[in-house]
Structures are given as C-alpha cells and as structure tokens.
There are 2 protein chains.
Amino acid sequence: MKNIIVGQSGGPTSVINSSIAGVYKKAKELGYDHVYGMVHGIEGFLNEDIIDLDDYLKSEENYELLKRTPSAFLGSCRYKLPKIEEAEDVYEKIFEIMEKNEIDSLLYTGGNDSMDTVKMLSDYAKEHNKKQTFFGVPKTIDNDLPITDHCPGYGSCAKYIATSLKEIIRDNESFNKNRLTVCIVEIMGRHAGWLTAAASLASDGNSSGVDAIYLPECEFDLDEFLGRIKKLAETKSSIVIAVSEGIQTKDGKFVCELGADDRAVDAFGHKQLSGCAATLANIVAKETGLKTRAIEFSTLQRAASHLASLTDINEAEECGMRAVEEVNKGNTGMMVTLNRTSENPYKCETGVYDIHDIANVEKKIPFEWIDEENKSMKKEFLEYARPLIMGELTPIFKDGLPQHLVR
Amino acid sequence: MKNIIVGQSGGPTSVINSSIAGVYKKAKELGYDHVYGMVHGIEGFLNEDIIDLDDYLKSEENYELLKRTPSAFLGSCRYKLPKIEEAEDVYEKIFEIMEKNEIDSLLYTGGNDSMDTVKMLSDYAKEHNKKQTFFGVPKTIDNDLPITDHCPGYGSCAKYIATSLKEIIRDNESFNKNRLTVCIVEIMGRHAGWLTAAASLASDGNSSGVDAIYLPECEFDLDEFLGRIKKLAETKSSIVIAVSEGIQTKDGKFVCELGADDRAVDAFGHKQLSGCAATLANIVAKETGLKTRAIEFSTLQRAASHLASLTDINEAEECGMRAVEEVNKGNTGMMVTLNRTSENPYKCETGVYDIHDIANVEKKIPFEWIDEENKSMKKEFLEYARPLIMGELTPIFKDGLPQHLVR
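Residues numbered from 1 in each chain as written. Chains lettered and ligands numbered in written order. Predicted model: local features only at pLDDT ≥ 70, side-chain atom pairs only at ≥ 80, totals over all residues. Heavy atoms only, no water.

Peer 1: Please provide a residue-by-residue account of the packing of helix 5 (residues 88–100) of chain A against helix 6 (residues 112–127) of chain A, values included.
Peer 2: Residues and elements named next belong to chain A. Relative to each other, helix 5 and helix 6 sit at 85 degrees, their axes nearing to 11 Å. In terms of axis orientation, helix 5 runs roughly perpendicular to helix 6. Side by side, helix 5 and helix 6 meet where Glu88, Tyr91, Glu92, Ile94 and Phe95 of the first sit next to Met120, Leu121, Tyr124 and Ala125 of the second. Here the residues of the contact of helix 5 with helix 6 are counted per class, giving seven nonpolar, no polar and two charged. (Axes fitted to C-alpha atoms, helices over the stretch in contact; angles between N-to-C directions. Helix = DSSP H or I, 4+ residues; strand = E, 2+ residues; numbered from the N terminus. Parallel < 35°, antiparallel > 145°, perpendicular 65-115°, else oblique. Contact = heavy atoms within 4.5 Å. Nonpolar A, V, L, I, M, F, W, Y, C, P; charged D, E, K, R; others polar.)

This is the structure:
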C-alpha cells in the first residue's frame, strides 16, 4: 500500500482546491492507492476525520468543479501544533493515525502558520527516525510567504479587487460634481499590503483607477489623508481610495480603532467596532462635509471563484502536483515555491525550499516599489502583479449560478 | 431631419447601457439621422450637454463593449423636474433645446422618479400642443415599478447576490463548529425587498443557502432575530443571514438607526452612522457572544456587469428598441413594460402602458410569496425570479480585466 493525505489550513482562497486537485491527479498518476483528505486540517486529523478523495474526484466533471469551487473543500482549521517538548502525545497520535492508515506522506496547504505545522512534523519525524514525509503547499491571499515569488490564491484575489474596483469607479462616476461621493474601499491584508496594492491594477485604458492607495507598510497620517481628499474634491467628480485593513497611525494604533477608542461608545460603555473604511468614511464626512461611502470587500475577495485567475488556478494545481512528486522521491521538510523564470513573456516554474526558512516569516512589499508621496504603486509592482491576474476559467453555470463541488 | 435623444437617470445598474444600445440600434434601423445622448440626464440637457452616439457606437466592438459596461455610460442625475405651474421656464427651455437641435423624441431610462419626468414632459407637450414625443424605458435594480412584470437591472443584481452568497456561504462553512461565525449580509432596497428576496436563489443543489431573509415588507423584531440565531447556533457550524437595508422595527425605526440613536455617539456627540448589517452584527456579538461578520454588497451589486444576466441584458436592449418603435409611430406619454407570456418555458414580450399609472407608484413583494414564520421565500417567488438570472454574456477581457466603453 502507498497512501498519501492532504489537508487545508488557514483562511480560504478561491484556488486552494486546485492544489487538492493537483495532489489527487499526480498521486493517482504515480500509483498511490489512496489519496486521503483531512476534514478540517490537522485538527480533524487528530480525530481521524478523513475522507478518501476517490469518493469525490473520479469523474472528470467533479475534478473540473473542484477547480472552480472556492473555500476549503476539505474544511480548514486554525490549529497551531504545540511545541514538541510540551506535548509529545499530540505528535505520537498523529504518527499513530498515519501508521494505522498506512499513510506515507502528509501534504499541507496554507500560509505561515500552516508551514510551521509542516516544519514541526518533519522535525519530529527526523528526531524520532520516522519514515513518513511532510511537505508544504503554499496558499495565501496575503502573498506574504518568503522565498516563493508569489503565493497561489493571491492572483485571483487581486483580479477580483481590480475588477470590482473598475466597476465601483464606474458607478461612482455616474453623477456630476454636485453629487461627488468619496468612496473608501477596505482590502484585506493586516501586515502586508500586497492585496491593497493590487488596487493599482484597476487603472487601465478605460479606467482612471483609484485616486490613492494606503498600505500597512507606510505610516498612516490622518491629516495627510484629509488634505489629499480635500484637494481631490476641488477638481474631481468621483474619488475612490483603497485602504488596507491594517493601516496604523504613527503611534501604532490601527485606524479601525480610532473610531472605537476615543469616539464611539455605546450605551453600555462597549467599544463600537467597525472597519477601517467605515471609520475613515465617518471622519471624512464630519471633517469635510463631503458625501462618503465605505465598501469592505470582506470574504468576497477570497471566495469569488467565479472571477478566479486562470494563471493562479493552474499554478495552484502545479504546486499540489509538485509536492506529490517530491514526497514520492522521499523528500521531506520543504515547501513548494513558485519561481519566475522570465518576465516578458511571463514564465513560472515550481521549485522547493527548506521549510525552516519559510515558516513564520512574513514578506512585505519592497519599499522601492511604493510611491509613498503619491500614494500609488510604481511600475515595478505593476510588472510583478499583472501576469498573476491573467486568464479566466469560465464557471460551470446551472440555472444561472456557478456550480461548486461539496463534500 | 429626424433626431432622437436618450437620457439616463437615477441609480446606475449593470444593464442600463444595454437599453442605450437598443435605442441606438433601432433608431439607426428606422432611419434616424442623429441619436443623441444627454450627459447627466435632464440636468445636463438643460445645459445642452449632449453627445452624438455615432461618435461612440458605430463599431460592432464598441456596441458589444457598451452592453458589458456597468453604470450610466451617459452619466446619470437625480434631478426632479419642478411642477409645471411653478416653473414654466424650465419646460420652455427643454422644448427650446429640443427644437433647436431638431429632436422629435426624448427617451428616458430610469425608475419611479424618472418616469415622473416622462409624465410631466408629455403632459406639458399635450397641454401646449407640442409635437414632440416622450417615452419611458424601465430601469431599476429595486424592481419596484408597477404594471411591468419586472424591471431591467433587477435580474443582474439578483444574479450577483445569489452567486456572491453561494461563495460567502462556502467561505463561512470552511471552519468547524468551534469557529462558528454569524455572517449578516446587507442588501439594497429600502422599501421593496425584491433584491433581498433574491438571496433565496443561493440555495441550490450544492448550497444550503442562507438561513433567514429579513425583508422591509415585514416588521423587524430584534428579539425574534436574536432568538433565531441562538437556535441556529445550537446545531449549525455556519450561519448566513440576508437583511434588507430598509428593515424597520414596529415603531417605524430603521434598524441602522438602532445603533446610532441610543447607542453609539462619538466624542463630539455626533451619531455614528453605520449600516444595518454592521449594527446587527454588533448587537448579536454583544447579546450572544458569537463571532459575527457584517457584509454589505453596496454598489458592487448594481455595478457587477462581469456577472450580468444575459436575459436581463437582452430584455434591457429590447426595451430600448421598443421605445424607439413607439415614438417613431407617434406614441407618447407611456413606458415600455415587460410582460411574461409563458412560465415554463419562460417567455417575455415588451408592451407599453400609460405613464400616469406608473410614475411614483411603488410595487412591493406580494405578501403571499413570503413565508414570514420561516423567514424564507415561497416557491412562487423562486419561480418568478429564477428565469431572470439565466444566461451569461462573457466579458471582453484584456490584461486580465473586463473592458468597458467610456465617454
């Protein structure tokens, strides 16, 4: 018997299931008997909650549906493994379940935290002379894993953001100057601004794009922000500004806490929490008298598989396939990476890298790609990001709605 | 010379431009010399701000782009004509500009308020023996115009809502019961719940759909709402609830004012305004201790032309064409309607109706289509709405983004 298991962990994306598809396809090609899936990641695995992917993916139609299904098909978790020395029993249980089910290799798709799980398990195996192998498959809309050029999940989210912003800008431009609305759009990414920076892609031959981009990499200055809006309002009939959920003031306070801390308190004395865009929209309305609107992309941005990037879907699938190839060769304790081998035309190959250099490290946008004075992205960023949103995989529609594969 | 002009008014939709396309196509077929467009509706027309659509729509490519362009291509306005007896000069000016430019007919796309403009202008023409004709083309995401079976703009918005809810539900289901999130989604439609009701379409063979729907047609009871959530939380690992922005309590207070009125007041004593979903999410979090998330579809729902319904696009185009045919025959003071002539298969034809019976009248959801106890829609609504979201018109992508036509 030759069996393999794959799990999903952390926040969902539009393409995380393509990696599962890739794992299944390559494992079957390489003669694995069973390709198992953990239900709700390592947390579910500890309860032996596993499924056989043969039960879902044998038909070509279901395979295609899985590639178009957002969020974690297997179910995800946010379970952090305890340190080895503190809870040997947890590790013993994992290996016990693997041995019982004759599972040779465990693949884990996720971001920084999930790669830590791969690191701990492969370290434990090495220390205890276990033969099982462990491999990481990158996945995060935040695009903040180091070493890899970019992360599966990012391109589709960026495509959703740029497309939706084009539509929001068109909408906001429909009235004349008398009805100017300042639209503040909040984008995910608390520490790294990769997604917010993707707002710059909305500018193309038929869209003027957003008027400013506020990244968590740069200090947020409320006076500068208000001054910029007042100046834009002198001439423009539409203002659309992209802000990261994670922008902070000089003293390290999140902007979404500005409203809550010293402003809005409800009748019971509780802080009234609202998003960063809503907080800023309220402040702008009060300070300038302009009409404002706050839009938060929320989970839409990471779940909109109907608008996924084909490049992203394909790369996610390739990452899953590569991980299987590697463990099949006996490799362990590494993550699949994406290496850009050519800029123009864009070419990208998979590689592998030691998990110890990846787990728990966060990659931010290089400062030299940011035009801080003009609150915009330089051409280096545009050249980096544009290829990642290319191509579409048309949803399979039934009765007017995109179809998904469910467990 | 035989000239016609068309204008757009009120809130934008994904398909309002298809009606402009239809007007242009039919007018050219019928030998009109110039097909003009008002920039920013009747407000811009009063400043003689008009364009010749030949400058934009002669190529087949641009025509196809226009059908895929959201928001008002011509620019919209929210200008309400004064009463005839109060401001004859405004009416005289409109007819003066029409005569100067040899414009025989004026078409206006919009909702209730815009149909009032058509009514006033055709009434004025009749009273003053003017030969110019005026016709309304229905357009509103709110779907609240009377007489017509439904309104262009509604189907695309409903398709966006149902698709996005399927994706939000998938996302919300990714974690297990320990990480249950109550997701409250706010949908447009302050007085009529047609759009919020479209949340019911998210339930299909691979989605369990939303857990409850709160319409503005029904009185909102906070205790019932909290009780329902607590009950759902006993068994479910994901809760997604759709609420209309316009839901009101027994004493006629909008739910979004609940937070503002007696709860959140900022340091300056200003009411802190937030949306209805955000208000409810805060209340649920405090009263139940559950994790909550508020999502507002905001302008995304009315601008997402990348996900427009082909049925809707085609019907919007046909409405524009029919209006031209009518004024070409000398008819005036009417609006184009959509008449459903067959249920299964769905068939729909355009008709016409006296504008006096339409302007300023609001159509709500029939009570017998609402299952108030279970907070869901009955099959009568589903059968009504499902055909309207059918079909897709693939966007024209360039560099990974849908392209639009701009003025």
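Peer 1: Describe in detail the environment of His34(B), supporting the description with residues and values.
Peer 2: Residue and element names in this part refer to chain B. The topology assignment puts His34 in strand 2 (residues 34–38). In this structure His34 comes out as partly exposed when scored by relative accessible area, which is 23%. Separated by 66 residues in the primary sequence, His34 and Lys100 have C-alpha atoms spaced 13 Å apart. Once you skip the residues sitting within four places of it in the chain, His34 turns out to touch Met1, Lys2, Asn3, Ile4 and Asp52. Of the polar contacts made by the side chain of His34, one reaches the side chain of Asp52; its length is 2.7 Å. (Buried < 20%, exposed > 50% of the residue type's maximum accessible area, 1.4 Å probe, protein only. Polar contact = N/O pair within 3.5 Å; in protein donor to acceptor, adjacent residues only side chain to side chain.)

Peer 1: Run through the side chain of Thr13(A), naming residues and quoting values.
Peer 2: Secondary-structure assignment places Thr13(A) in the loop between strand 1 (3–8) and helix 1 (16–29). A polar side-chain atom of Thr13(A) sits 3.0 Å from the main-chain amide nitrogen of Val15(A).

Peer 1: If you had to explain the interface of chain B and chain A to someone new, which residues and values would you point to?
Peer 2: Tallying the contact residues gives 71 residues for chain B and 70 residues for chain A. When the two sides are added together, the surface that chain B and chain A hide from each other amounts to roughly 6200 Å², 55% of it contributed by carbon and sulfur. Linking chain B with chain A are two salt bridges. Between Asp171(A) and Arg302(B) there is a salt bridge; the shortest N-O distance is 2.7 Å. At the junction of chain B with chain A, the criterion picks out 27 residue pairs in polar contact (both at pLDDT 80 or more). Contributing elements (two or more residues each) for the side of chain B that touches chain A: helix 7 (154–172), helix 11 (276–288), strand 9 (291–296), helix 12 (300–303) and strand 15 (401–402) of chain B. Class assignment of the residues belonging to the side of chain B that touches chain A gives a composition of 29 nonpolar, 23 polar and 19 charged. (Buried area = accessible area lost by both parts, 1.4 Å probe. Salt bridge = Lys/Arg side-chain N within 4 Å of Asp/Glu carboxyl O.)

Peer 1: Please give an account of the confidence of the model for chain A that cites residues and values.
Peer 2: Residue and element names in this part refer to chain A. Here chain A averages 95 in pLDDT, while 96% of its residues score no lower than 70. With pLDDT under 50 throughout, residues 260–270 is counted as low confidence; its partners more than four residues away or in other chains account for 34 contacts. ipTM for the predicted complex: 0.96, alongside a pTM of 0.96. (pLDDT = per-residue confidence, 0-100.)

Peer 1: With reference to specific residues and values, describe the pairing of strand 2 (residues 34–38) of chain A.
Peer 2: Residue and element names in this part refer to chain A. A large share of strand 2 lies buried, amounting to four of its five residues. Strand direction decides the pairing type here: strand 1 and strand 2, joined by four bridges, are parallel. Of the residues in strand 2, the one forming a bridge with Asn3 is His34. In this view, the connection linking strand 1 to its parallel neighbour strand 2 by way of helix 1 has right-handed handedness. Bridge analysis of strand 2 against strand 3 (residues 50–52) gives three bridges, and the strand direction is antiparallel. The partner of Met38 across the bridge, within strand 3, is Ile50. (Pairing = 2+ DSSP bridges. Right-handed = clockwise from strand over helix to strand, strands pointing away.)

Peer 1: I'd like a rundown of helix 11 (residues 276–288) of chain A, residues and numbers included.
Peer 2: Given a rise of 1.5 Å per residue, 13 residues ought to cover 18 Å, and the 18 Å separating the end C-alpha atoms of helix 11 of chain A matches this to within 8%. With its phi angle positive at about 75 degrees, Gly289(A) sits one or two positions after the end of helix 11 of chain A. (Expected span 1.5 Å × (residues − 1).)

Peer 1: Lay out the sheet that holds strand 2 of chain A in plain terms, naming residues and giving numbers.
Peer 2: Residue and element names in this part refer to chain A. Strand order across the open sheet formed by seven strands is 3-2-1-4-5-10-11, with mixed pairing between neighbours. Taken across any chain shown, the strands that pair with only one partner, and hence form the sheet edges, are strand 3 and strand 11 (347–354). With direction set aside, neighbouring strand axes in the sheet form an average angle of 30 degrees.

Peer 1: Quick one: what's the story with the packing of aromatic side chains, residue by residue and with numbers?
Peer 2: Scanning all chains against the criterion turns up 26 aromatic pairs over all chains. Ring centres of Tyr56(A) and Phe73(A) lie 5.5 Å apart, and the angle between their planes is 80 degrees; on these two criteria the pair is classed as edge-to-face. Taken together, the residues Tyr56(A) in helix 3 (residues 54–57) and Phe73(A) in the loop between helix 4 (60–67) and helix 5 connect sequence positions 17 residues apart. Seen in terms of ring centroids, Trp194(B) and Tyr384(B) are 5.3 Å apart; in terms of plane orientation they differ by 40 degrees. Their pairing is tilted. Of this pair, Trp194(B) sits in helix 8 (residues 194–197) while Tyr384(B) sits in helix 14 (residues 379–385), and the two are 190 residues apart along the sequence. Side by side, Trp194(B) and Tyr384(B) carry an identical accessibility label, which is buried. An aromatic cluster is built from Tyr91(A), Phe95(A), Tyr124(A) and Phe134(A), whose rings are joined through pairwise contacts. Between the NZ or CZ atom of Arg179(A) and the centre of the ring of Phe175(A), over which it lies, the distance is 5.2 Å. The ring of Phe254(B) carries the charged tip of Arg190(B) above its face, separated from the ring centre by 4.5 Å. (Phe/Tyr/Trp six-rings, centres within 6.5 Å; stacked < 30°, edge-to-face > 60°. Lys NZ or Arg CZ within 6 Å of the ring centre and 35° of its normal.)

Peer 1: Please give an account of the sheet that holds strand 9 of chain B that cites residues and values.
Peer 2: Residues and elements named next belong to chain B. Pairing in this open sheet of four strands is parallel, and the strands run 7-8-6-9 from one edge to the other. Each edge of the open sheet is held by one strand with a lone partner, namely strand 7 (212–214) and strand 9. Averaged over all pairs of adjacent strands, the angle between strand axes in this sheet comes to 20 degrees, irrespective of strand direction. Alignment of strand 7 against strand 8 (residues 239–244), held across three bridges, turns out to be parallel. Residue pairing for strand 8: Tyr214 is matched across the bridge by Val243. Across the face of the sheet, helix 11 comes into contact with strand 6 (181–187), strand 8 and strand 9 while running at roughly 175 degrees to strand 9.

Peer 1: Can you break down a negative patch on the surface residue by residue, with the values?
Peer 2: All names here are of chain A. Side chains of Glu85, Glu86, Glu88, Asp89, Glu92, Glu96 and Glu127 sit close together on the surface and give a patch of like negative charge. Per element, the largest residue contribution to the negative patch is four residues, and it comes from helix 5. Topologically, Glu96 is positioned in helix 5. On the accessibility criterion, Glu96 (53% relative accessible area) is exposed. (Patch = residues over 30% accessible without salt bridge, like charges linked within 9 Å, V, L, I, M, F, W, Y side chains within 5 Å. Areas by Shrake-Rupley, 256 points an atom, 1.4 Å probe, with all protein chains shown as cover. Lys, Arg positive; Asp, Glu negative; His and termini not counted. Charge placed at Lys NZ, Arg CZ, Asp CG, Glu CD.)

Peer 1: Describe the side chain of Asp144(B), listing the residues and the values that go with them.
Peer 2: For Asp144(B), the location among the structural elements is in the loop between strand 5 (133–138) and helix 7. In this structure, Asp144(B) is buried with no salt-bridge partner, the nearest side chain bearing the opposite charge being Lys363(B) at 8.7 Å.

Peer 1: Lay out the relation of the copies chain B and chain A with the relevant residues and their values.
Peer 2: Between chain B and chain A, which share one sequence, the superposing operator has a rotation angle of 180 degrees and an axial displacement of 0.0 Å; the RMSD is 0.0 Å. Seen this way, the second copy is the image of the first under a two-fold rotation axis. Interface residue correspondence from chain B to chain A reaches 99%, placing this contact among same-surface, isologous pairings. (Least-squares fit on C-alpha atoms with pLDDT ≥ 70 in both.)

Peer 1: Tell me about the pattern of salt bridges, and name the residues and values.
Peer 2: Residue and element names in this part refer to chain B. All chains considered together, the criterion is met by 40 salt bridges over all chains. With its nearest N and O atoms 3.2 Å apart, the salt bridge here joins Lys26 to Glu325. With Lys26 in helix 1 (residues 16–29) and Glu325 in helix 13 (residues 310–328), the pair connects residues that are 299 residues apart, well separated along the chain. Exposure remark for Lys26: the relative accessible area of 11% places this residue in the buried category. Glu343 is the salt-bridge partner of Arg340, the closest N and O atoms lying 3.9 Å from each other. The buried category is assigned to Arg340, whose relative accessible area is 17%.

Peer 1: Can you break down helix 9 (residues 222–235) of chain B residue by residue, with the values?
Peer 2: Residue and element names in this part refer to chain B. Taken together, the buried positions of helix 9 are occupied by Phe225, Leu226, Arg228, Ile229, Leu232 and Ala233. Across the axial projection of helix 9, the buried residues extend over an arc of 160 degrees, all falling on one side. Along helix 9, the residues that are exposed and aim more than 90 degrees away from the buried face are Asp223, Lys231, Glu234 and Thr235. With a side-chain oxygen positioned 2.9 Å from the backbone nitrogen of Asp223, the residue opening helix 9 is Asp221. (Arc of directions from axis to C-beta.)

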